[in-house]
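Here are the chains, one letter per residue:
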Amino acid sequence: MSLPNHPNEPAAPCAPTTPSGGLMTLVLLLLCACLALWPAHAVAATSDERDVTLQARHWIDTSGELGVDEVAGLPADRFQPMDSYRSFELGKGALWLRLDLPPRDDAQRWYLMLSAAAFTNRATLHMQGADGRWSRQQAGDHLPVSQWDHPDQTPVFALNPQVTGPLWLRLENTPASLSPRLVLLTEKQLQDKRYWTFLMVGGYLGFGLLVLFLGWVHARLYGDRAFIAYCCYVACMLGFQAAFTGVGGLFFWGHWAWWNDAAPAVFMLWLTGSGIWFVREACAISRHHRGLDRFVLAWSAFGLLYPVAYLLLLNRPAFLVLNLYGLLSVLLSFFLCIWAWRRGETYAGWLALGFLPVHLGYPFPALRSAGVLPDGWATQYAVLIGSAIEIPLLLYILHRRAKDFSENRARLRAIESTDPLTGLTIAPVLRLRLRDALRRSRRYGHQCGLVLVDLSNHGDIVQREGREAGDRALVVAASRLSLVVRDVDTVCRIADARFVLLIEGPEDLKLLGQHIVAKGLERIPLLPSDVALRFRLVSTALPEAGEEDLDDAQVLERLQRALDQLADDPRKVVLHLPQGATA
């Protein structure tokens, strides 16, 4: 598909108006209502959970090589209490958590969840039975989700009711920091949490796919490259949320551990790069500053290509570059929108507002990645909720923008084939249609009609009422002439106050001439009541007998001469040229 560089360039035929604006408004209102219920439900669900994070004691194995027997044999004073939620920079080491479980109902089946940690590299829970033997459960991105002991969107471990001693949880994560949060759940609470999360995240992904489809339809409908960039942005956003929430690893790539580990960073970079590309296209940066446009293109390309270098390096500096790129891209996108808006791009200002929901939610996961905030509901779902509001808003803004530009292109194309003042067909188009009409008439043996009409008192109207009144009289004349013919006929303005009517097929031209004169005598709105349109006209039926070689230029010239001669007799206003007349 060939797309113009900017909506103001010539494009394919005018796109029709679509009802997607009202549809998007309705869908957005429904979505906001659902999202308003999500935090309330999350808070209610969290109140029933037992957060045992602060009851644990921690120790960091800097070598990352010690086993559970060695760690369990360490002196108790080596383990520090978890006084508050915090982050750990582990590097190649491992974090060990010693957890003494609180009293619980033995009639219930209990689970320990590493909450909001879908991207932990490896999590291993060790429990020692009454016989002194250790049992182990594993989860994490370095292990395919299908091979987890309890596959879920985040690591989940079943607790053995026979175990009375402490639990030992070993965690690995690099290059990002690790901020563990341990939640004790019953089987029912775990199922309720799963169902609600799957419902909301599934609804979000389904809604995103619908918006993605609508964006592609708009791209094909309007031929605007901004919609292509928007579709890429939405697709990357959906991929990022699927990876970030753990739903992707559970349902889509459960057998690919390497991709489950890389997907959040890769989709984040692709999302950011495609977002900058989208801003460039939607704000028409290339129209205002070539140097800035090249910089924006390079910035966008960096986000699309950097995942290769990041996955090869996978160290702390590479991770810092990733976070810095995301932060600067947020600032850059907002700056570009405001900058373009200040230079006359009206919709760029609306785009800046459309991006706000995601921009406001971005600090939560960004600060979590930097180790400032611990894992939690806000760090996990703030961007998801923001993007659920942002995505339809951006599509609606693009729809309004494309509709306005499409109407402008339609007007530009109409100027090429219509008279700017009256909206009638211009002379070159009339000649083409007249030529075709003569050819059809000779082929099928029927006649067509041609009527040349002169607004004889146009000069008097201009002299008496002014040029504006004269232009209004021409517009009214064009409208009334269009009313007396059929849709298949053509009305054209060929001179300042002269019009031509091409009548397709048989027609009583004498009766038509009487109707034209009568129409002109009707009162003209916004002009004095004594001002009327005084039409003078000449008509003829075509083709004339014995003139097989007569062309369109000769026909029009003949009618012009006849009308000029008719002006010498002020008492006569209608003249029908008989066949064979040479006036």
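Quantities reported herein were computed from a predicted structural model and do not represent experimental measurements.

Caption draft 1: Seen up close, a nonpolar patch on the surface. A surface patch of nonpolar side chains, about 510 Å² in accessible area, is lined by Phe-334, Trp-350, Leu-353, Leu-356 and Leu-360. Broken down by element, the residue count for the nonpolar patch peaks at 4 residues, all from helix H9 (residues 346-361).

Caption draft 2: Structural context of the packing of helix H7 (residues 290-313) against helix H8 (residues 316-342). Running from N to C, H7 and H8 cross one another at 160°; their axes reach a closest spacing of 11 Å. As the angle between them shows, H7 and H8 are arranged roughly antiparallel. Here H7 and H8 pass one another in a crossing that is left-handed. Contacts from Leu-292, Phe-295, Val-296, Trp-299, Ser-300, Phe-302, Gly-303, Tyr-306, Tyr-310 and Leu-313 in H7 reach Ala-318, Phe-319, Val-321, Leu-322, Tyr-325, Leu-328, Ser-329, Leu-332, Leu-336 and Trp-339 in H8. In the contact of H7 with H8, the residues fall into 17 nonpolar, 3 polar and no charged.

Caption draft 3: Representation of the state of the cysteines. The final tally for this structure, using the stated rule, is 0 disulfides. The thiol of Cys-232 is not disulfide-bonded; the next cysteine sulfur, from Cys-236, is found 6.6 Å away. Judged by its relative accessible area of 12%, Cys-236 falls in the buried class.

Caption draft 4: Representation of the pattern of salt bridges within the structure. Within the structure shown, the criterion is met by 28 salt bridges. Between Arg-98 and Asp-100 there is a salt bridge, with its nearest N and O atoms 2.9 Å apart. Its relative accessible area of 38% is what places Asp-100 among the partly exposed residues. Where Arg-194 meets Asp-152, a salt bridge forms, and the shortest distance between an N and an O atom there is 2.4 Å. Taken together, the residues Arg-194 in helix H3 (residues 187-222) and Asp-152 in the loop between strand E7 (134-139) and strand E8 (156-158) connect sequence positions 42 residues apart. Summarising the burial analysis for this pair, Arg-194 and Asp-152 share the class buried. Within the structure, one salt-bridge network assembled from shared partners comprises Asp-419, Arg-467, Asp-471, Arg-493 and Asp-496.

Caption draft 5: Geometry of the environment of Ala-348. Inspection of the secondary structure puts Ala-348 in helix H9. Along the backbone, Ala-348 and Cys-283 are 65 residues apart, and their C-alpha atoms lie at a distance of 5.4 Å. Sequence-distant contacts of Ala-348, defined by excluding residues within four places in its chain, comprise Cys-283, Cys-337, Ala-340 and Trp-341.

Caption draft 6: Structural context of the nonpolar core. Formed by 75 residues in total, the largest nonpolar core has its most connected members in Tyr-204, Tyr-230, Met-237, Phe-278, Cys-283 and Leu-351. Residue assignment for this core shows that the elements contributing at least two residues are H3, helix H4 (225-245), helix H6 (257-283), H7, H8, H9 and helix H11 (377-417). Here Tyr-230 is in contact with Val-211, Gly-215, Phe-278, Ile-391, Pro-392, Leu-394, Leu-395 and Leu-398, once residues within four sequence places are set aside. Grouped together as the second largest cluster of nonpolar side chains are 30 residues, Val-453, Ala-477, Ala-478 and Val-491 included.

Caption draft 7: Expanded view of the side chain of Gln-137. One can find Gln-137 in strand E7. Within polar-contact distance, the side chain of Gln-137 engages the side chain of His-150 at 3.3 Å. Each residue touching Gln-137, except ones within four places of it in the same chain, is listed here: Ala-123, Thr-124, Leu-125, Met-127, Asp-149, His-150, Val-156, Phe-157 and Ala-158.

Caption draft 8: Just the side chain of Asn-173, in detail. Relative to the helices and strands, Asn-173 is located in the loop between strand E9 (167-172) and strand E10 (182-186). Exposure remark for Asn-173: the relative accessible area of 5% places this residue in the buried category. Within the structure, the side chain of Asn-173 is placed 3.0 Å from the backbone nitrogen of Asn-121, a separation counted as a polar contact.

Caption draft 9: Geometry of the confidence of the model for the chain. The predicted model of the chain averages 87 in pLDDT, with 88% of residues at 70 or higher. Below pLDDT 50 for its whole length, residues 1-21 participates in 47 contacts with residues either more than four positions away or in separate chains. Under a pLDDT of 50 for its full length, residues 40-47 has, in the predicted model, 3 contacts with residues more than four places off or in other chains.

Caption draft 10: Quick look at the sheet that holds E7. Strand order in this open sheet of 6 strands is E3-E2-E4-E9-E6-E7, and the pairing throughout is antiparallel. Of all the strands in the sheet, the pair left with one neighbour each is strand E3 (80-81) and E7.

About the criteria used
Residues numbered from 1 in each chain as written. Predicted model: local features only at pLDDT ≥ 70, side-chain atom pairs only at ≥ 80, totals over all residues. Heavy atoms only, no water. Patch = residues over 30% accessible without salt bridge, like charges linked within 9 Å, V, L, I, M, F, W, Y side chains within 5 Å. Areas by Shrake-Rupley, 256 points an atom, 1.4 Å probe, with all protein chains shown as cover. Salt bridge = Lys/Arg side-chain N within 4 Å of Asp/Glu carboxyl O. Helix = DSSP H or I, 4+ residues; strand = E, 2+ residues; numbered from the N terminus. Axes fitted to C-alpha atoms, helices over the stretch in contact; angles between N-to-C directions. Parallel < 35°, antiparallel > 145°, perpendicular 65-115°, else oblique. Left-handed = near helix turned anticlockwise from the far one by under 90°. Contact = heavy atoms within 4.5 Å. Nonpolar A, V, L, I, M, F, W, Y, C, P; charged D, E, K, R; others polar. Disulfide = S-S within 2.5 Å. Buried < 20%, exposed > 50% of the residue type's maximum accessible area, 1.4 Å probe, protein only. Core = buried A, V, L, I, M, F, W, Y, C linked by side-chain atoms within 4.5 Å. Polar contact = N/O pair within 3.5 Å; in protein donor to acceptor, adjacent residues only side chain to side chain. pLDDT = per-residue confidence, 0-100. Pairing = 2+ DSSP bridges.

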